[in-house]
Each structure stands twice: as C-alpha cells, then as structure tokens.
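# Structural overview
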Amino acid sequence: MTGRAQVTAEELAAGLPHVLAAPKDGAAVEMLCLRPAYNERRFVDRITLTRAGGIPGERWSSAPWLRLPDGSPHPGIQVSILPRRVMDLVWRDREGTPHPGDTFVADLDTSEANLPTGTLLAVGSAVLRVSEVFNDACVKWKVRYGSAAKDWITAPGHPPLRLRGLLCSVETDGEVANGDVIRTLR
C-alpha cells in the first residue's frame, strides 16, 4: 500500500455507506495504540485505563490537546475509538504515514444516533463514557490523509456521524486487551 495517493472526495463519498453499515454493538478491539509523546506510536496487546490518569504512559496527563478551565486535562479525551472502516478508507500508506494514533480501532458505528453522549461502553474490565467533545480531525489528519479526508469529517450533515471516531472518559478503571468486545451498557 506504500505510495498510494491520498483518498479523494469521490472515494470518501462512495465509501460512506460501507462506513455507516458498521456494527452497532459488540465490536472487538482490533488495535491498541499508545501515544507516549508527540508523533510516537506504540502498539500493545493490553492497556490499563484509569479514571484519574487516563492511560498510564500516554501524554494525556502531561500534554493534552484540550484542557478544562482550571488547566487540567479534559477527561473527555482520555480514550479515542476510531472506526476501522474509516481508518481503512483514509490510511493508505501504512509504511510512510503514521497511524492515526487512536487508542482503539474497532469495527463500530460511532455515530451520535448509535452512541449518544453519555453512553456507557464496557470493554475488557473497564467502562468508558462517550464524551461530548467532538473529534473534528486535527491539522495532522489533513496533512497525513489529505484535505478531502479532513473536509469529509465536518461536511454538512457529517458531524453527527462522528466519522473521526469517538472520544471517551474512563468511568471505571480496568484493563483492555486486543480482541476484547466493546458492549453498550443500556
């Protein structure tokens, strides 16, 4: 896949029905990624999640991209879940372009209609809460995957689809391993 051009707006439009057809619940964690520092990725088989500290070894506690008014890290960005179908659509050069950096990759419908803000997700022995923070894709997403990929996230009608994935806080401490299933607690 090395060297393939960035995804086009036409390819994104054609791929949207497939992205939206992702399972609504019961998706297995397919990839766990830690971001210990900027532009660093470490792929692991298991991670620990804590309500107080996020993910030990992650930069959330020391260098979050979003802070509360008091300056502390915003808990709603402790964990990110990227839909695998979106990752497969935009991340074409897997040798020369960094992984998006999301904590989990799973074949899951992350739309607001399926997983409204406040929804609890059980995964491994942890429980996550879907955050109100919208992941609008940062400038790095645009540089790595192209302008079309960035514009697709925020196109009219697309923000409720959460194409860039979910952001979550840790509600209950626990461990998550590759293969653990994400279940909605209703």
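As a further point, take the overall build of the protein chain. Regarding its fold elements, the protein chain presents four helices and 10 strands. When the helices and strands of the protein chain are read in sequence order from the N terminus, they spell out α-β-β-β-β-α-β-β-β-α-α-β-β-β. Here the C-alpha atoms of the protein chain give a radius of gyration of 15 Å, agreeing with the 16 Å that 2.2 N^0.38 yields for 186 residues. Judged by the C-alpha coordinates and their principal axes, the protein chain covers about 40 × 35 × 35 Å. Within the protein chain, the proportion of its 186 residues that are buried is 49%. Sequence separation of 24 or more characterises 72% of the internal contacts of the protein chain that already satisfy a separation of 6 or more. For the protein chain, the accessible area works out to roughly 8,500 Å², and carbon and sulfur atoms hold 54% of it. Side-chain charges of the protein chain comprise 22 positive and 22 negative groups, with the mean position of each set lying 1 Å from the other.

We now examine unusual backbone geometry. Trans peptide bonds make up most of the peptide bonds, and negative phi angles are found at most residues other than glycine. Unlike most non-glycine residues, Arg-162 shows phi in positive territory, near 50°. With respect to the secondary-structure elements, Arg-162 resides in the loop between α4 (147-154) and β8 (166-172).

With that out of the way, let us pick up the side chain of Asp-102. Relative to the elements of secondary structure, Asp-102 occurs in the loop between α2 (84-90) and β5 (104-106). With a relative accessible area of 2%, Asp-102 lands in the buried category. The contacts of Asp-102, once residues within four sequence positions are left out, are Cys-33, Ser-80, Leu-82, Asn-135 and Arg-164.

Take the packing of helix α1 (residues 9-20) against α4 next. Look at α1 against α4: their axes get within 10 Å of each other, and the N-to-C directions meet at 45°. If you check the angle between α1 and α4, you find them oblique. Handedness of the α1/α4 crossing: right-handed. Touching Ala-9, Leu-12, Ala-13, Leu-16 and Val-19 of α1 are Ala-148, Ala-149 and Trp-152, all from α4.

With that out of the way, let us pick up α4. When α4 is considered as a whole, its buried residues turn out to be Ala-149, Lys-150, Trp-152 and Ile-153. The arc enclosing the buried residues of α4, seen along the axis, measures out at 160°, which places them on a common side. Where α4 is buried, its residues contact α1, α2 and α3 (139-145).

With that settled, consider the nonpolar core. Nonpolar side chains in soluble globular proteins tend to be buried together. Formed by 24 residues in total, the largest nonpolar core has its most connected members in Leu-49, Phe-104 and Leu-128. Taken together, the elements giving at least two residues each to this core come down to β1 (27-34), β3 (46-49), β4 (79-83), β5, β6 (120-123), β7 (126-130) and β8. Counting residues per element, this core draws most heavily on β1, at four residues. Aside from chain neighbours lying at most four places away, what touches Leu-128 is Leu-49, Val-79, Ile-81, Phe-104, Thr-119, Leu-120, Leu-121, Val-123, Cys-168, Ser-169, Val-170 and Glu-171. Core analysis: the next-biggest nonpolar cluster, separate from the first, contains 18 residues, Leu-16, Val-19, Leu-89 and Trp-152 among them.

The next point concerns the packing of aromatic side chains. The final tally for this structure, using the stated rule, is one aromatic pair. Centre to centre, the rings of Trp-141 and Tyr-145 are 4.8 Å apart; their planes meet at 65°, and the pair counts as edge-to-face. Of the two residues, Trp-141 and Tyr-145 both sit in helix α3, four residues apart, roughly one turn of that helix. Residue classification places Trp-141 among the buried residues on the basis of a relative accessible area of 2%. Judged by its relative accessible area of 2%, Tyr-145 is buried.

Cut-offs applied
- Residues numbered from 1 in each chain as written.
- Predicted model: local features only at pLDDT ≥ 70, side-chain atom pairs only at ≥ 80, totals over all residues.
- Heavy atoms only, no water.
- Helix = DSSP H or I, 4+ residues; strand = E, 2+ residues; numbered from the N terminus.
- Rg over C-alpha atoms; globule rule 2.2 N^0.38 Å.
- Buried < 20%, exposed > 50% of the residue type's maximum accessible area, 1.4 Å probe, protein only.
- Contact = heavy atoms within 4.5 Å.
- Areas by Shrake-Rupley, 256 points an atom, 1.4 Å probe, with all protein chains shown as cover.
- Lys, Arg positive; Asp, Glu negative; His and termini not counted.
- Charge placed at Lys NZ, Arg CZ, Asp CG, Glu CD.
- Axes fitted to C-alpha atoms, helices over the stretch in contact; angles between N-to-C directions.
- Parallel < 35°, antiparallel > 145°, perpendicular 65-115°, else oblique.
- Left-handed = near helix turned anticlockwise from the far one by under 90°.
- Arc of directions from axis to C-beta.
- Core = buried A, V, L, I, M, F, W, Y, C linked by side-chain atoms within 4.5 Å.
- Phe/Tyr/Trp six-rings, centres within 6.5 Å; stacked < 30°, edge-to-face > 60°.

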